[in-house]
Amino acid sequence: MYRMIQLESLIPETLPGVSLFIRHGENHVLYKNAALPFTHSDKERLLGNNVKFLFVTADEISAYNQYVESNLATLMNDESLEPLEKQNVLYQASVNYVHEIFDCPAVAIRQNAERCRKLIQNILNDVMSSDGVMTALSSLVDHNSYTYVHSVQVATYSISLHLKMFELERDELIDVGIGSLFHDYGKVYIPKVLLDKPGKLTATEFMELKNHPVYGYSTLKDLEIFSPVSLGIVKHHHEKENGKGYPDGLTSYDIARSSKVTAIADVFSALTTNRSYRTALSKEAAMDIMYGEMEGSFDMQYLDTFKGNLY
Ligand SMILES: [Fe+2]
Ligand SMILES: [Fe+2]
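Rules used throughout
Residues numbered from 1 in each chain as written. Chains lettered and ligands numbered in written order. Predicted model: local features only at pLDDT ≥ 70, side-chain atom pairs only at ≥ 80, totals over all residues. Heavy atoms only, no water. Donors = N, O, S within 2.8 Å, 3.2 Å for Na, K, Ca; no water. Tetrahedral: all angles 85-135°; square planar, octahedral: opposite > 155°, others 65-115°. Helix = DSSP H or I, 4+ residues; strand = E, 2+ residues; numbered from the N terminus. Disulfide = S-S within 2.5 Å. Buried < 20%, exposed > 50% of the residue type's maximum accessible area, 1.4 Å probe, protein only. Phe/Tyr/Trp six-rings, centres within 6.5 Å; stacked < 30°, edge-to-face > 60°. Lys NZ or Arg CZ within 6 Å of the ring centre and 35° of its normal. Domains from an automatic or database assignment. Contact = heavy atoms within 4.5 Å. Buried area = accessible area lost by both parts, 1.4 Å probe. Polar contact = N/O pair within 3.5 Å; in protein donor to acceptor, adjacent residues only side chain to side chain.

This part is about the coordination of the iron ion (ligand 1). Under ideal tetrahedral coordination, the four donors around a metal are separated by 109.5 degrees; under ideal octahedral coordination, the six donors are separated by 90 or 180 degrees. Protein-derived ligands of the iron ion (ligand 1) are Asp184 (OD), His212 (NE2), His237 (NE2) and His238 (NE2), with the metal-ligand distances lying across 2.1 to 2.2 Å. One can describe the donor arrangement at the iron ion (ligand 1) as irregular, given that its four donor atoms subtend angles of 87 to 178° at the metal. For the iron ion (ligand 1), all donor residues lie on one chain, and their spacing in sequence is D-x27-H-x24-H-H. Here the iron ion (ligand 1) and the iron ion (ligand 2) are spaced 3.6 Å apart, with Asp184 acting as a shared donor. Residue Asp184 is found in the loop between α8 (170–181) and α9 (192–195), and its partner His238 is found in the loop between α12 (228–236) and α13 (257–271); the two are separated by 54 residues along the sequence.

Attention now moves to the state of the cysteines. As enumerated under the stated definition, the model contains zero disulfides in all. Left unpaired, Cys104 is separated from the closest cysteine sulfur, that of Cys116, by 14 Å. Relative accessible area serves as the criterion here: at 3%, Cys116 is assigned to the buried category.

One pass over the structure, following the stated rule, counts 13 aromatic pairs. Centre to centre, the rings of Phe206 and Tyr246 are 6.4 Å apart; their planes meet at 80°, and the pair counts as edge-to-face. You can see Phe206 sitting in helix α10 (residues 203–209) and its partner Tyr246 sitting in the loop between α12 and α13, a full 40 residues away along the chain. Classification of Phe206 by relative accessible area gives partly exposed; the value is 38%. The exposure class assigned to Tyr246 is buried, which follows from its relative accessible area of 13%. Through a chain of ring-to-ring contacts, the aromatic side chains of Phe102, Tyr148, Phe182, Tyr185, Tyr189, Tyr215 and Phe226 assemble into a single cluster. Directly above the ring of Phe166 sits Arg257, whose terminal nitrogen or CZ lies 4.7 Å from the centroid. Over the aromatic face of Tyr302 sits the side chain of Lys260, whose NZ or CZ is 5.7 Å from the ring centroid.

A few words now on the domain arrangement of the chain. When the domains of the chain are assigned, the result is domain 1 (1–59) and domain 2 (82–310). Computed from C-alpha atoms alone, the centre-to-centre distance between domain 1 and domain 2 is 31 Å. Across the contact, six residues belong to domain 1 and seven residues belong to domain 2. Where domain 1 abuts domain 2, roughly 550 Å² becomes buried across the two surfaces, and 53% of that area is made up of carbon and sulfur atoms. One can count two residue pairs in polar contact (both at pLDDT 80 or more) joining domain 1 with domain 2. For the side of domain 1 that touches domain 2, the leading source of residues is strand β1 (residues 2–6), giving three residues.

In C-alpha cells form, the structure reads like this:
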C-alpha cells in the first residue's frame, strides 16, 4: 500500500528518513532510499518533469508525517513558498495526522497529544494571519477520505468563528481546535457500511449513528488529556437551539458557545463536501439550507457572523 505525499512538503537538503517512490503507470518505483537526503536538484528535476506528488509506503507514513510536522515552522516561514503552498502542506499534514490517529487504538491519541497541539497551533496561526482558508481546505478533498478532511475543516472553521466572536486566550482557542478536530472521533466505533450508506438511514441505523458523540466523549475522557472545553464539543456538537438535537436534547442557554460554533462548522463542512449520497453544495446553497430548512438548529447571531465571515 502506498500513500501519496506532496512534493512541497519535502524540504531540500533534509533527510526525510523514509523511502520515496514515484508512480510509473500502474506501478510505484523506488525514487530515493531512506538513507539519502532530498536535495535542491531533486526538487527542481521533479518539478521540471511536472511531478507534484511522490509516494511513501503505508508502513512509513507515521515517520513521514512526523518529519513534516517537525519542519512545519520552517516551512511556514519559507519565503520562497507561495501562501497557498504553505497552507496546502499544513492542512494536508493535519489530515494525515487525523488519518493516522483515527486508524490506531485510542491510546495513540495520548502518545501523540503534543503533535496534535502543535498542528492546532499552526492552524490557529494560519487562520489569524491569512486572508482565507477555503481554497486550501477544499483542495484537500480529492485525495483524502471524507472523515479526515471533515475533521480538519471543522477545526479550522470553528477556530475562525471563535476568533470572530469572542476575545479568548490562546489556550482556550487551542482546546477548541483540539475538540473540534476530534468531534467525530466516536465514528470509529460506528460500522463503516452505515457511515458510507448512500441512501437514507433506517430508524435503527440512525439511532446507532446518534451514539457517536457519546462514544467519542467517553473514550476521550478516559484518556485524561482533554480539557472540559474539548470534551464538551465532542459530546454536544449535535445539540440544537430548539432542543431537538442529541444526545441530551439541550436548548439554547444550556449549550456551550464552543458547541454552538462547532455545530455550525460541522454542518457547513458536511454540506460543502462531496458525499456518497450527494455532490458538494456551494457555500451559498449551504447557507440557504442552514437558514431555511434547518431553522431552529443554530444560534442566529452565531450563524449571521459565520455567514458574514464567508464572503
Ligand atoms: Fe458528529
Ligand atoms: Fe462532523
